[in-house]
Amino acid sequence: MTGLDQRSDAVTLPRGPLVGFATGSLGMGVWVTVPGLLLLYFLTDVLAVAPWLAGLTLLLPKIADVLLHPWIGHRCDVEQARRGHRRRLLLAGCVLPLAFAALFAVPGGLTGAAAAGWVAVFFVAGNLLFAAYQVPYLATPADLRIGYHERTRLMAFRMVVLTLGILVSGLLAPLLAGGDDATRDGYLRMGVVLAAGMLAAMLVGVAGIGRLRRTAADTAPPHGPGGWRALAASLRDRQFRWLVGAYLAMSTTTHLVLAGVPYYAEYELGRPGLTTVLVAAFVAPALLVTPGWLAVARRIGKQRALLAGQAAFAAGSLVLAIGRPAGLPVLVAAVAVLGVAFAGMQLLPFSMLPDVIRAAGGTERAGTYTGVWTATEATGAALGPYAYALCLAAGGFVASTAGQTVTQSPAALDALRYGFGLLPAAVMVVAVLLQRRYTLDGAARADAAG
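Residues numbered from 1 in each chain as written. Predicted model: local features only at pLDDT ≥ 70, side-chain atom pairs only at ≥ 80, totals over all residues. Heavy atoms only, no water.

To continue, consider the pattern of salt bridges. In this structure the tally under the stated criterion is four salt bridges. The partner of Glu-268 in a salt bridge is Arg-417, and the shortest N-O contact between them spans 3.6 Å. Here Glu-268 is found in helix H10 (residues 238-268), whereas its partner Arg-417 is found in helix H16 (residues 410-435), with 149 residues between them in sequence. The exposure class of Glu-268 is buried, given its relative accessible area of 7%. Under the relative-accessibility criterion, Arg-417 is labelled buried at 12%. Ionic pairing is found between Asp-355 and Lys-302, a salt bridge with its closest N-O pair at 2.7 Å. Residue Asp-355 is found in helix H14 (residues 328-360), and its partner Lys-302 is found in helix H13 (residues 302-320); the two are separated by 53 residues along the sequence. In terms of burial, Asp-355 and Lys-302 fall into one category: buried. Connected via shared salt-bridge partners are Glu-268, Asp-414 and Arg-417. (Salt bridge = Lys/Arg side-chain N within 4 Å of Asp/Glu carboxyl O. Helix = DSSP H or I, 4+ residues; strand = E, 2+ residues; numbered from the N terminus. Buried < 20%, exposed > 50% of the residue type's maximum accessible area, 1.4 Å probe, protein only.)

See the structure below:
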């Protein structure tokens, strides 16, 4: 770490601006959660889109993110160098709620491939707008004169509020869509209501970032945006590669689980209404355990704490593969274990990212690094549902329209259960193997202690 980081460890951010900054994550939480939770199910069980096509509908728009997010990261650094802030991109990203509402406003006459095309168009638009907000938002910790532990504290505030957004939207979205009797009109209503909340939260987040920058902005003279050479440098950064590779596996796994929840509740547990129970069990623990993860990270370091969270997630996933014979209380408890691990896997990597950025050269590269990071997150958000859709297709799962009853084959039921349990455990093992190669954390802790 640099000498600047050692000196800035003494800077403590005021609670008010921290809360304002974190509020922006409420709106981001809706976009992260609702499409991941409901969009695959919306396509296959409301719009009669075949599982293989539904999976492609979610995957292909995300491929564009691999290019769009680093480009937005570059533009973000240009804005920082020219204007001393990244506000214009943040405000452009506040158009995201319109794309979110349109995503579920599929015209009544469209089903099958035509409906999939509608969803794909607005999914691409939404992903671009989300990147415009997310990249400068997540670059904020690297822009501030704060050190190792204060970055974790900043992201802990963000994690608690993000969890609240995930929890509220994850519980409200199925209910607003119609619960067990979800309809097109219900999904439209859900999209409009949640979009309004997203807009308000995102605007508060913009204001909160402005207050944080006025409190502790890095005053080092800018060196100009790193451009594509900075992008190449980020890809050559060994510490960043291991961290981002592990995060890709983590993001894929968590989004796979979210996509599988409605299917697991309806077909394995026999009660579609249990979707909200499982979502609550997955997300709610983070509201309670995030301070615990913060304390653990202070005691043993972010790296070892993250490895523990990854191992816990893999263990909980194996229990879910057992399915109904394990009993509902055991399965809900297993999902809660996943939720505890999920809290750590959100807090710790996001607080390690600015450590890597500062070690690599500081704020002038923050947007570029963050753009690659968010592209990775978007890729995981696509790969997870796509992997689960492939499991359904391999098992012979039959798509349907809203109100239509279909009896699934035993092979389809086995596929949706193993896809919800065994596959996440296997991918999380990959995350552990990659994460073990990251070695920056020990040096960062030593500098903070010094």
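Having seen it, we continue.
Membership of the largest hydrophobic core comes to 128 residues, with the highest contact counts inside it found for Phe-100, Tyr-187 and Met-190. Apart from residues no more than four positions distant in its own chain, Phe-100 is found in contact with Val-30, Trp-31, Val-34, Pro-35, Met-190, Gly-191, Leu-194, Ala-195 and Met-198. Counting six residues, the second-largest nonpolar core is a separate cluster that includes Ile-72, Leu-89, Ala-131 and Ala-132. (Core = buried A, V, L, I, M, F, W, Y, C linked by side-chain atoms within 4.5 Å. Contact = heavy atoms within 4.5 Å.)

With 19 residues, H13 should reach 27 Å at 1.5 Å per residue; the first-to-last C-alpha distance of 27 Å fits that figure. All buried positions along H13 are accounted for by Lys-302, Gln-303, Ala-305, Leu-306, Gly-309, Gln-310, Phe-313, Ala-314, Gly-316, Ser-317 and Leu-320. (Expected span 1.5 Å × (residues − 1).)

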